[in-house]
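# Close look at the chain arrangement
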Amino acid sequence: MIGCGLMVAACASHPSNVLLPTAATAKGAATVNMLVMSTRSRSSAPGEIYDGERAEGRSLLNLVVSVPQDGVRRIGEIQWPRSQQPDAQHEFATLAINDIAPEQVDKWFLNVAAKRRKVLVFVHGFNNSFEEAAYRLAQIVHDSGTDAAPILFTWPSRDRPFEYLYDKESATNSRDALEYLLARAASDPNVSDITILAHSMGNWIAVEALRQIAIRHGAVPSKIKNVVMAAPDLDVDVFRSEYSQLGEPKPRFTIFLSQDDNALSLSRLLAGDKDRLGGIDPDMEPYRSKLSASNIVVIDLTKLASNDPFHHGKFADSPEVVRLIGARLIEGQAISGKDVSPGERLISSARMNAAATARK
(Lines give C-alpha, C1' and ligand atoms only; values in the text may rest on other atoms or scores of the structure.)
Protein backbone atom coordinates (compact mmCIF):
# COMPACT_ATOMS: atom_id res chain seq x y z
CA MET A 1 0.00 0.00 0.00
CA ILE A 2 2.88 2.36 0.74
CA GLY A 3 4.40 1.58 -2.62
CA CYS A 4 1.15 2.19 -4.46
CA GLY A 5 0.75 5.45 -2.59
CA LEU A 6 4.19 6.52 -3.77
CA MET A 7 3.28 5.80 -7.35
CA VAL A 8 0.00 7.69 -7.04
CA ALA A 9 1.84 10.69 -5.68
CA ALA A 10 4.47 10.44 -8.38
CA CYS A 11 1.85 10.75 -11.10
CA ALA A 12 1.20 14.45 -11.55
CA SER A 13 -2.43 15.31 -12.11
CA HIS A 14 -3.42 17.38 -15.11
CA PRO A 15 -6.55 18.04 -17.16
CA SER A 16 -7.60 15.21 -19.45
CA ASN A 17 -9.09 15.25 -22.95
CA VAL A 18 -6.99 18.27 -23.92
CA LEU A 19 -6.11 17.18 -27.46
CA LEU A 20 -8.95 18.94 -29.27
CA PRO A 21 -7.35 20.88 -32.15
CA THR A 22 -7.58 24.63 -31.78
CA ALA A 23 -6.98 27.49 -34.15
CA ALA A 24 -5.58 29.59 -31.31
CA THR A 25 -2.05 30.82 -31.91
CA ALA A 26 0.24 33.07 -29.94
CA LYS A 27 3.01 35.44 -30.90
CA GLY A 28 6.40 33.86 -30.39
CA ALA A 29 5.02 30.36 -29.76
CA ALA A 30 6.95 27.46 -31.31
CA THR A 31 5.39 24.53 -33.12
CA VAL A 32 6.50 20.91 -32.90
CA ASN A 33 5.44 18.69 -35.82
CA MET A 34 5.65 15.05 -34.80
CA LEU A 35 4.89 11.67 -36.30
CA VAL A 36 3.08 9.31 -33.93
CA MET A 37 2.98 5.53 -34.09
CA SER A 38 0.75 3.83 -31.53
CA THR A 39 -0.26 0.36 -30.41
CA ARG A 40 -3.01 1.86 -28.24
CA SER A 41 -6.68 1.50 -29.07
CA ARG A 42 -8.58 4.57 -30.20
CA SER A 43 -10.73 6.44 -27.70
CA SER A 44 -14.26 7.67 -28.32
CA ALA A 45 -13.85 10.52 -25.81
CA PRO A 46 -13.42 13.93 -27.46
CA GLY A 47 -9.89 15.21 -27.07
CA GLU A 48 -8.43 11.92 -25.83
CA ILE A 49 -7.50 10.20 -29.16
CA TYR A 50 -6.03 7.05 -27.57
CA ASP A 51 -6.86 5.22 -24.35
CA GLY A 52 -4.74 2.71 -22.44
CA GLU A 53 -6.08 -0.49 -24.01
CA ARG A 54 -4.26 -2.60 -26.58
CA ALA A 55 -5.05 -2.33 -30.27
CA GLU A 56 -4.71 -5.34 -32.54
CA GLY A 57 -2.45 -3.43 -34.89
CA ARG A 58 -0.62 -0.13 -35.07
CA SER A 59 -1.82 3.29 -36.19
CA LEU A 60 -0.23 6.51 -37.40
CA LEU A 61 -0.93 10.16 -36.68
CA ASN A 62 0.55 13.53 -37.49
CA LEU A 63 0.36 15.76 -34.42
CA VAL A 64 1.30 19.44 -34.28
CA VAL A 65 1.73 21.06 -30.85
CA SER A 66 2.20 24.72 -29.94
CA VAL A 67 4.65 25.54 -27.12
CA PRO A 68 4.57 28.99 -25.45
CA GLN A 69 7.61 31.17 -25.88
CA ASP A 70 10.36 30.84 -23.28
CA GLY A 71 9.73 34.18 -21.64
CA VAL A 72 6.35 33.08 -20.27
CA ARG A 73 7.21 29.52 -19.23
CA ARG A 74 9.76 27.64 -17.16
CA ILE A 75 12.09 25.44 -19.20
CA GLY A 76 11.54 21.79 -18.35
CA GLU A 77 7.85 22.11 -17.50
CA ILE A 78 4.68 21.36 -19.45
CA GLN A 79 2.18 24.18 -19.15
CA TRP A 80 -1.02 22.12 -19.25
CA PRO A 81 -4.19 23.62 -20.73
CA ARG A 82 -6.66 24.46 -17.99
CA SER A 83 -9.55 23.78 -20.34
CA GLN A 84 -10.28 22.36 -23.77
CA GLN A 85 -9.82 25.89 -25.12
CA PRO A 86 -6.16 26.55 -24.24
CA ASP A 87 -4.51 29.92 -23.82
CA ALA A 88 -1.76 29.43 -26.41
CA GLN A 89 0.14 32.40 -25.04
CA HIS A 90 0.77 30.58 -21.74
CA GLU A 91 -0.19 26.93 -22.32
CA PHE A 92 0.58 24.05 -24.62
CA ALA A 93 -2.03 23.69 -27.36
CA THR A 94 -2.82 21.11 -30.02
CA LEU A 95 -2.97 22.71 -33.45
CA ALA A 96 -3.60 19.67 -35.64
CA ILE A 97 -4.19 15.92 -35.40
CA ASN A 98 -4.51 13.92 -38.59
CA ASP A 99 -4.59 10.20 -39.26
CA ILE A 100 -2.13 9.21 -41.94
CA ALA A 101 -1.79 6.05 -43.99
CA PRO A 102 1.51 4.15 -44.12
CA GLU A 103 2.18 5.42 -47.64
CA GLN A 104 1.91 9.02 -46.39
CA VAL A 105 4.83 8.55 -44.01
CA ASP A 106 7.20 9.19 -46.92
CA LYS A 107 5.78 12.70 -47.23
CA TRP A 108 6.29 13.42 -43.52
CA PHE A 109 9.92 12.29 -43.67
CA LEU A 110 10.46 14.42 -46.76
CA ASN A 111 8.81 17.54 -45.34
CA VAL A 112 10.06 17.31 -41.74
CA ALA A 113 13.07 15.00 -41.45
CA ALA A 114 14.81 16.03 -44.67
CA LYS A 115 15.62 19.47 -43.23
CA ARG A 116 18.40 18.05 -41.07
CA ARG A 117 18.17 14.31 -41.82
CA LYS A 118 18.07 13.66 -38.07
CA VAL A 119 15.27 11.84 -36.27
CA LEU A 120 14.49 11.60 -32.55
CA VAL A 121 12.33 8.61 -31.53
CA PHE A 122 10.84 8.98 -28.05
CA VAL A 123 9.47 5.98 -26.13
CA HIS A 124 7.59 6.95 -22.96
CA GLY A 125 7.44 5.02 -19.71
CA PHE A 126 5.00 3.45 -17.28
CA ASN A 127 1.86 5.25 -16.12
CA ASN A 128 1.69 7.66 -19.05
CA SER A 129 -1.36 8.75 -20.98
CA PHE A 130 -1.08 9.57 -24.67
CA GLU A 131 -1.43 13.32 -24.12
CA GLU A 132 1.22 13.20 -21.40
CA ALA A 133 3.68 11.44 -23.72
CA ALA A 134 2.90 13.74 -26.66
CA TYR A 135 3.29 16.97 -24.71
CA ARG A 136 6.42 15.64 -23.01
CA LEU A 137 8.05 15.00 -26.38
CA ALA A 138 7.05 18.48 -27.57
CA GLN A 139 8.60 19.95 -24.41
CA ILE A 140 11.83 17.97 -24.85
CA VAL A 141 12.18 18.91 -28.51
CA HIS A 142 11.59 22.59 -27.83
CA ASP A 143 13.64 22.90 -24.66
CA SER A 144 16.58 20.87 -25.95
CA GLY A 145 16.93 23.13 -28.96
CA THR A 146 17.21 20.21 -31.35
CA ASP A 147 15.77 20.39 -34.82
CA ALA A 148 15.73 16.61 -35.22
CA ALA A 149 12.40 15.40 -36.56
CA PRO A 150 10.40 14.04 -33.59
CA ILE A 151 8.66 10.67 -33.63
CA LEU A 152 6.58 9.46 -30.69
CA PHE A 153 6.13 5.75 -30.14
CA THR A 154 3.25 5.38 -27.69
CA TRP A 155 2.26 2.02 -26.26
CA PRO A 156 -0.78 0.99 -24.16
CA SER A 157 -0.21 2.31 -20.66
CA ARG A 158 -3.40 2.57 -18.64
CA ASP A 159 -2.04 5.65 -16.85
CA ARG A 160 -2.88 4.17 -13.47
CA PRO A 161 -0.31 3.41 -10.75
CA PHE A 162 -1.91 0.06 -9.85
CA GLU A 163 -1.45 -1.26 -13.40
CA TYR A 164 2.32 -1.87 -13.39
CA LEU A 165 2.05 -5.48 -14.55
CA TYR A 166 -0.47 -4.65 -17.25
CA ASP A 167 1.79 -1.89 -18.52
CA LYS A 168 4.80 -4.22 -18.52
CA GLU A 169 2.94 -6.80 -20.62
CA SER A 170 1.69 -4.05 -22.94
CA ALA A 171 5.26 -2.88 -23.38
CA THR A 172 6.42 -6.36 -24.31
CA ASN A 173 3.51 -6.72 -26.71
CA SER A 174 4.59 -3.51 -28.49
CA ARG A 175 8.19 -4.40 -29.27
CA ASP A 176 7.43 -5.69 -32.78
CA ALA A 177 5.78 -2.39 -33.70
CA LEU A 178 8.75 -0.40 -32.42
CA GLU A 179 11.10 -2.68 -34.34
CA TYR A 180 9.09 -1.91 -37.49
CA LEU A 181 9.20 1.84 -36.82
CA LEU A 182 12.97 1.88 -36.29
CA ALA A 183 13.58 -0.21 -39.40
CA ARG A 184 11.23 2.05 -41.38
CA ALA A 185 13.06 5.19 -40.26
CA ALA A 186 16.45 3.63 -40.96
CA SER A 187 15.41 2.71 -44.50
CA ASP A 188 14.16 6.20 -45.39
CA PRO A 189 16.47 8.10 -47.76
CA ASN A 190 15.67 11.37 -45.99
CA VAL A 191 17.12 10.08 -42.70
CA SER A 192 20.81 9.66 -41.94
CA ASP A 193 20.90 9.81 -38.15
CA ILE A 194 18.51 8.33 -35.56
CA THR A 195 18.55 8.92 -31.81
CA ILE A 196 16.33 6.83 -29.54
CA LEU A 197 15.32 8.47 -26.26
CA ALA A 198 13.51 6.10 -23.91
CA HIS A 199 12.24 6.79 -20.41
CA SER A 200 11.63 4.35 -17.57
CA MET A 201 9.79 1.23 -18.77
CA GLY A 202 10.11 2.49 -22.34
CA ASN A 203 13.73 1.31 -22.19
CA TRP A 204 12.51 -2.28 -21.96
CA ILE A 205 10.71 -1.91 -25.29
CA ALA A 206 13.58 -0.03 -26.90
CA VAL A 207 16.26 -2.58 -26.02
CA GLU A 208 13.96 -5.47 -26.96
CA ALA A 209 13.27 -3.91 -30.36
CA LEU A 210 16.97 -3.30 -31.00
CA ARG A 211 17.77 -6.87 -30.00
CA GLN A 212 15.16 -8.20 -32.44
CA ILE A 213 16.58 -6.08 -35.27
CA ALA A 214 20.07 -7.33 -34.53
CA ILE A 215 18.94 -10.96 -34.48
CA ARG A 216 17.21 -10.55 -37.85
CA HIS A 217 19.99 -8.63 -39.57
CA GLY A 218 23.15 -9.38 -37.61
CA ALA A 219 23.49 -5.86 -36.23
CA VAL A 220 21.59 -2.68 -35.51
CA PRO A 221 21.24 -0.39 -38.58
CA SER A 222 24.16 2.04 -38.79
CA LYS A 223 21.78 5.00 -38.95
CA ILE A 224 20.77 4.37 -35.33
CA LYS A 225 23.63 6.36 -33.82
CA ASN A 226 22.51 7.02 -30.24
CA VAL A 227 20.42 5.32 -27.58
CA VAL A 228 19.70 7.60 -24.62
CA MET A 229 18.32 5.70 -21.64
CA ALA A 230 16.63 7.99 -19.10
CA ALA A 231 15.90 6.44 -15.70
CA PRO A 232 15.76 2.96 -17.27
CA ASP A 233 13.38 0.62 -15.46
CA LEU A 234 15.28 -2.42 -16.66
CA ASP A 235 16.84 -5.33 -14.79
CA VAL A 236 20.64 -4.97 -14.96
CA ASP A 237 21.12 -8.66 -15.80
CA VAL A 238 18.56 -8.49 -18.61
CA PHE A 239 20.21 -5.39 -20.04
CA ARG A 240 23.66 -6.99 -19.97
CA SER A 241 22.34 -10.03 -21.84
CA GLU A 242 20.46 -8.02 -24.45
CA TYR A 243 23.27 -5.53 -24.99
CA SER A 244 25.64 -8.39 -25.80
CA GLN A 245 23.32 -9.51 -28.61
CA LEU A 246 23.21 -6.21 -30.51
CA GLY A 247 26.05 -7.08 -32.87
CA GLU A 248 28.77 -4.72 -34.07
CA PRO A 249 29.05 -1.83 -34.38
CA LYS A 250 26.65 -0.93 -31.60
CA PRO A 251 24.93 2.45 -31.22
CA ARG A 252 26.40 4.82 -28.66
CA PHE A 253 24.59 4.22 -25.35
CA THR A 254 24.20 6.96 -22.74
CA ILE A 255 22.45 6.28 -19.44
CA PHE A 256 20.97 9.04 -17.29
CA LEU A 257 20.52 7.59 -13.81
CA SER A 258 19.83 8.78 -10.29
CA GLN A 259 20.42 6.81 -7.13
CA ASP A 260 17.62 8.69 -5.37
CA ASP A 261 14.99 7.63 -7.94
CA ASN A 262 12.13 6.53 -5.68
CA ALA A 263 10.03 5.12 -8.51
CA LEU A 264 12.84 2.73 -9.44
CA SER A 265 13.29 1.80 -5.79
CA LEU A 266 9.70 0.58 -5.79
CA SER A 267 10.21 -1.20 -9.11
CA ARG A 268 13.21 -2.97 -7.60
CA LEU A 269 11.05 -4.29 -4.77
CA LEU A 270 8.41 -5.50 -7.23
CA ALA A 271 11.15 -7.25 -9.23
CA GLY A 272 12.45 -9.36 -6.37
CA ASP A 273 15.01 -6.83 -5.10
CA LYS A 274 17.01 -6.88 -8.33
CA ASP A 275 18.82 -3.68 -9.26
CA ARG A 276 17.23 -1.48 -11.91
CA LEU A 277 19.67 0.01 -14.39
CA GLY A 278 18.52 3.56 -13.69
CA GLY A 279 19.19 3.33 -9.96
CA ILE A 280 22.65 1.79 -9.72
CA ASP A 281 25.79 3.39 -8.29
CA PRO A 282 28.03 3.55 -11.38
CA ASP A 283 31.16 3.90 -9.25
CA MET A 284 30.58 0.58 -7.50
CA GLU A 285 31.78 -2.74 -8.82
CA PRO A 286 30.92 -4.68 -10.86
CA TYR A 287 29.05 -1.87 -12.61
CA ARG A 288 32.00 0.47 -13.02
CA SER A 289 34.16 -2.07 -14.83
CA LYS A 290 31.37 -3.49 -16.95
CA LEU A 291 30.12 -0.08 -18.10
CA SER A 292 33.65 1.04 -18.91
CA ALA A 293 34.42 -2.14 -20.85
CA SER A 294 31.25 -1.68 -22.89
CA ASN A 295 31.98 2.02 -23.62
CA ILE A 296 28.61 2.94 -22.13
CA VAL A 297 28.53 6.53 -20.87
CA VAL A 298 26.77 7.21 -17.58
CA ILE A 299 25.56 10.63 -16.47
CA ASP A 300 24.83 10.41 -12.74
CA LEU A 301 22.15 12.94 -11.81
CA THR A 302 21.88 11.95 -8.15
CA LYS A 303 23.08 15.33 -6.89
CA LEU A 304 21.01 17.31 -9.34
CA ALA A 305 17.95 19.04 -7.91
CA SER A 306 14.60 18.20 -9.47
CA ASN A 307 11.05 19.51 -9.41
CA ASP A 308 9.91 15.89 -9.42
CA PRO A 309 9.72 14.82 -5.75
CA PHE A 310 10.35 11.22 -6.81
CA HIS A 311 13.37 12.14 -8.96
CA HIS A 312 12.20 9.96 -11.85
CA GLY A 313 11.95 12.66 -14.52
CA LYS A 314 15.18 14.61 -14.10
CA PHE A 315 16.14 14.07 -17.73
CA ALA A 316 13.22 16.20 -18.92
CA ASP A 317 12.49 18.72 -16.18
CA SER A 318 16.08 19.86 -15.66
CA PRO A 319 17.01 22.61 -18.14
CA GLU A 320 20.68 21.60 -17.96
CA VAL A 321 20.01 17.96 -18.77
CA VAL A 322 17.51 18.50 -21.56
CA ARG A 323 19.88 20.97 -23.22
CA LEU A 324 22.73 18.47 -22.90
CA ILE A 325 20.59 15.92 -24.74
CA GLY A 326 19.89 18.35 -27.56
CA ALA A 327 23.22 20.15 -27.78
CA ARG A 328 25.50 17.14 -27.41
CA LEU A 329 23.89 13.75 -27.88
CA ILE A 330 21.36 14.33 -30.66
CA GLU A 331 23.92 16.45 -32.50
CA GLY A 332 26.25 13.45 -32.54
CA GLN A 333 28.94 14.72 -30.19
CA ALA A 334 30.48 11.81 -28.35
CA ILE A 335 30.73 11.96 -24.56
CA SER A 336 33.61 9.69 -23.65
CA GLY A 337 34.53 8.29 -20.27
CA LYS A 338 37.17 11.04 -19.96
CA ASP A 339 34.67 13.77 -20.75
CA VAL A 340 33.12 14.19 -17.31
CA SER A 341 32.74 17.95 -17.53
CA PRO A 342 29.06 17.88 -18.63
CA GLY A 343 28.09 15.96 -15.49
CA GLU A 344 30.29 18.14 -13.32
CA ARG A 345 28.72 21.27 -14.78
CA LEU A 346 25.26 19.88 -14.13
CA ILE A 347 26.07 19.17 -10.50
CA SER A 348 27.89 22.48 -10.07
CA SER A 349 24.98 24.36 -11.61
CA ALA A 350 22.51 22.56 -9.35
CA ARG A 351 24.56 23.45 -6.27
CA MET A 352 24.84 27.11 -7.29
CA ASN A 353 21.12 27.30 -7.97
CA ALA A 354 20.36 25.72 -4.59
CA ALA A 355 22.72 28.14 -2.86
CA ALA A 356 21.20 31.11 -4.64
CA THR A 357 17.72 29.98 -3.62
CA ALA A 358 18.79 29.56 -0.01
CA ARG A 359 20.16 33.13 0.09
CA LYS A 360 16.85 34.59 -1.05
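So, a few notes on the structure that sits alongside this text. (Residues numbered from 1 in each chain as written. Predicted model: local features only at pLDDT ≥ 70, side-chain atom pairs only at ≥ 80, totals over all residues. Heavy atoms only, no water.)

## Overview of unusual backbone geometry
The omega torsion across Glu248 and Pro249 is -5 degrees, close enough to zero to call that bond cis. Secondary-structure assignment places Pro249 in the loop between α7 (236-243) and β8 (252-257). The step from Glu285 to Pro286 runs through a cis peptide bond, and the omega angle for that step is 5 degrees. Along the chain, Pro286 turns up in the loop between α8 (262-270) and α9 (287-293). Phi at Arg117 takes a positive value of approximately 65 degrees, unusual for a residue other than glycine. Of note, Arg117 is situated in the loop between α2 (105-111) and β4 (118-123). Notably, Ser200 is not glycine yet its phi reads approximately 55 degrees, a positive angle. The buried category is assigned to Ser200, whose relative accessible area is 4%. (Helix = DSSP H or I, 4+ residues; strand = E, 2+ residues; numbered from the N terminus. Buried < 20%, exposed > 50% of the residue type's maximum accessible area, 1.4 Å probe, protein only.)

## A word on the nonpolar core
Core analysis: the biggest nonpolar cluster contains 55 residues, and Phe109 and Leu178 have the highest contact counts within it. Per-element tally for this core: the top contributor is helix α6 (residues 202-217), with 8 residues. Residues within four places of Phe109 in sequence aside, it is in contact with Leu35, Ala114, Val119, Ile151, Arg184, Ala185, Asp188, Asn190 and Val191. Counting residues in hydrophobic clusters, the runner-up holds 43 residues, among them Leu19, Phe315, Val321 and Ile330. (Core = buried A, V, L, I, M, F, W, Y, C linked by side-chain atoms within 4.5 Å. Contact = heavy atoms within 4.5 Å.)

## Describing the pairing of β4
Within β4, 6 of the 6 residues are buried, which leaves it mostly tucked inside the rest of the structure. Of the two faces of β4, the one lined by Lys118, Leu120 and Phe122 and the one lined by Val119, Val121 and Val123 are each fully buried. With 5 bridges joining them, β4 and strand β5 (residues 149-154) adopt parallel strand pairing. Looking at β5, one finds that Val123 is bridged to Phe153. Crossover β4 to β5 through helix α3 (residues 130-144) is right-handed. (Pairing = 2+ DSSP bridges. Right-handed = clockwise from strand over helix to strand, strands pointing away.)

## A word on the sheet that holds β4
Across the sheet, which stays open at both edges, the 9 strands sit in the order β3-β2-β1-β5-β4-β6-β7-β8-β9 with mixed pairing between neighbours. Looking at the sheet topology across the chains shown, the edges are occupied by β3 (93-99) and β9 (297-300). Averaged over neighbouring strand pairs, the angle between their axes works out to 20 degrees when direction is ignored. The pairing of strand β6 (residues 193-199) with strand β7 (residues 224-230) spans 6 bridges and is classified as parallel. Bridge pairing in β7 places Ile194 opposite Ile224. (Axes fitted to C-alpha atoms, helices over the stretch in contact; angles between N-to-C directions.)

## Considerations on the pattern of salt bridges
Following the criterion strictly, the structure yields 19 salt bridges and no others. Measuring nitrogen to oxygen at the nearest pair gives 3.4 Å for the salt bridge that ties Arg158 to Glu163. Here Arg158 falls in the partly exposed class, since its relative accessible area comes to 23%. Its relative accessible area of 17% is what places Glu163 among the buried residues. A salt bridge links Asp260 to Lys314; the shortest N-O distance between them is 3.2 Å. Here the residue Asp260 occupies a position in the loop between β8 and α8, and Lys314 occupies one in helix α10 (residues 314-317), the gap between them amounting to 54 residues. Using a relative accessible area of 3% as the deciding quantity, one classes Lys314 as buried. (Salt bridge = Lys/Arg side-chain N within 4 Å of Asp/Glu carboxyl O.)

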